[in-house]
Amino acid sequence: MNGAGATIGFEGSFLGANDKISDQAIMECKICWTPYDPAEGDDTRQVLPGTPFLALPDDWKCPNCDAPKEQFLVSEDPGSDAMQAAARLARRTEALVRDFTEVWHAKMRDVPIVNKVLHVQAVGFMEYEGRPLGVLISPWFMNLVLLPGEGEDWDGLKAGEKEVLSFPSGDYEFIHNTREQTGGYKACSLFSPMGDFKTQAQAVDVGNAVMVALFQEEHRAETDRSADIRAAREEELAAAEAAEREAAERESRAEVMSDAPTRRQILTAGLSETSEPKDVIATEETE
């Protein structure tokens, strides 16, 4: 092996670095180049197929040259990108939870609308188009939260500005915001306040269900219909208001007509029904 090959082999060695390989990693002995493929296992040590390299017994050795596990290097790892993405996502969501947990302890604990059986938790976060997306649960809200991707700077977002974002299930309105720790982010309100939730587990179940439904196209018709429903409702309200105005106008005209003198009263100078009708009206008003 040349010098460059030796350097690559050393840098790629496992050496007990459990956090650097996934369960799918195919490892290779750097002494004799014998591979260990988790999909195949190891017949010589009765290791079943599907056993990750990290799950091998501590005394497992290369079946060809008896080199210890620590002397294996990564040949290929289909899951490494996923592991790195998961680690990045975990860092971002942990920072988000820390930020809002501080808000909970510093400002919100004594606010009447909070649900004290709940705590701040990130649910169902994933990378969507390169950006962390998931549900943030707190004792006072449940929001769909979108964070900036790697290299993106959202600190310039103007708090309170609205933006409509599209997902397979439809279009949703997000509000821009910024926090000192979290930086810029976009949030779509799902529930607020949170008084209807009896347990944290119940809130988590709802958050996970939201993340599933968000990407189901069969919900798009319902989402798109919401605008039609609102428009139809606004038309109904407008028609009802118009009907009320018309009824009020008719009633007003009727009152005017009832106060007007009859033709007979005009012809008789008001003497035909002078006393009795007035007494009746006065009695009704008194009653």
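Residues numbered from 1 in each chain as written. Predicted model: local features only at pLDDT ≥ 70, side-chain atom pairs only at ≥ 80, totals over all residues. Heavy atoms only, no water.

Draft legend 1. Spatial organisation of the sheet that holds strand β6 (residues 142–146). Across the sheet, which stays open at both edges, the 6 strands sit in the order β4-β5-β6-β9-β8-β7 with antiparallel pairing between neighbours. The open sheet is flanked by β4 (121–128) and β7 (162–167), the only strands paired with a single partner. If you compare each strand with its neighbour and ignore which way they point, the axes differ by 30° on average. Looking at chain direction, β6 and strand β9 (residues 183–191) are connected through 5 bridges and run antiparallel. Each residue of the ladder has a partner; that of Asn-143, found in β9, is Ser-189. In the packing of helix α2 (residues 80–108) onto the sheet, the strands contacted are β4, β5 (131–137), β6, β8 (170–179) and β9, and the crossing angle to β4 comes to about 145°. The strands touched by helix α3 (residues 200–213) within the sheet are β4, β5, β6 and β9, with β4 carrying the most contacts at an inclination of about 15°. (Pairing = 2+ DSSP bridges. Helix = DSSP H or I, 4+ residues; strand = E, 2+ residues; numbered from the N terminus. Axes fitted to C-alpha atoms, helices over the stretch in contact; angles between N-to-C directions. Contact = heavy atoms within 4.5 Å.)

Draft legend 2. Highlighting the environment of Tyr-185. Of note, Tyr-185 is situated in strand β9. Taking the C-alpha atoms as reference points, Tyr-185 and Leu-157, 28 residues apart in sequence, are found 7.9 Å from one another. With sequence-adjacent residues up to four places away left out, Tyr-185 is seen in contact with Phe-100, Val-145, Leu-146, Leu-147, Trp-154, Leu-157, Ile-175, His-176, Asn-177, Thr-178 and Arg-179.

Draft legend 3. Structural context of the packing of aromatic side chains. Within the structure shown, the criterion is met by 15 aromatic pairs. Ring plane angle 55° and centroid distance 5.3 Å describe the contact between Trp-60 and Phe-72, whose orientation is recorded as tilted. Remark: Phe-72 occurs in strand β3 (residues 72–76) and Trp-60 occurs in the loop between β2 (35–36) and β3; sequence separation between them is 12 residues. Neither Trp-60 nor Phe-72 differs from the other in exposure class; each is buried. Linked through ring pairs, Phe-100, Trp-104, Trp-140, Phe-141 and Tyr-185 together constitute an aromatic cluster. The side chain of Lys-69 reaches across the aromatic face of Phe-53, ending 5.5 Å from its centre. Sitting over the face of the ring of Phe-100, Arg-179 holds its NZ or CZ atom 5.4 Å from the ring centroid. (Phe/Tyr/Trp six-rings, centres within 6.5 Å; stacked < 30°, edge-to-face > 60°. Buried < 20%, exposed > 50% of the residue type's maximum accessible area, 1.4 Å probe, protein only. Lys NZ or Arg CZ within 6 Å of the ring centre and 35° of its normal.)

Draft legend 4. Local environment of the sheet that holds β3. Here we have 3 strands laid out as an open sheet, ordered β2-β1-β3, and antiparallel in their pairing. Lying at the two open borders of the sheet, with one neighbouring strand each, are β2 and β3. Of the pairings in the sheet, the one linking strand β1 (residues 26–29) to β2 comprises 2 bridges and is antiparallel in character. The residue bridging Met-27 from the neighbouring strand is Tyr-36, located in β2.

Draft legend 5. A look at the pairing of β6. Here β6 lies mainly inside the structure; 5 of its 5 residues are buried. Side-chain alternation along β6 places Met-142, Leu-144 and Leu-146 on one buried face and Asn-143 and Val-145 on a second face that is also buried. As judged from the 5 bridges shared by β5 and β6, these two strands associate in the antiparallel manner. Within the sheet, the bridge partner assigned to Leu-133 lies in β6 and is Leu-146. A loop of 4 residues connects β5 with β6, the two strands running antiparallel in sequence.

Draft legend 6. Structural detail: the environment of Leu-89. With respect to the secondary-structure elements, Leu-89 resides in helix α2. As a C-alpha pair, Leu-89 and Met-126 span 37 residues in sequence and 7.1 Å in three-dimensional space. Not counting the four nearest positions on each side in its chain, Leu-89 is found in contact with Phe-125, Met-126, Glu-127 and Pro-132.

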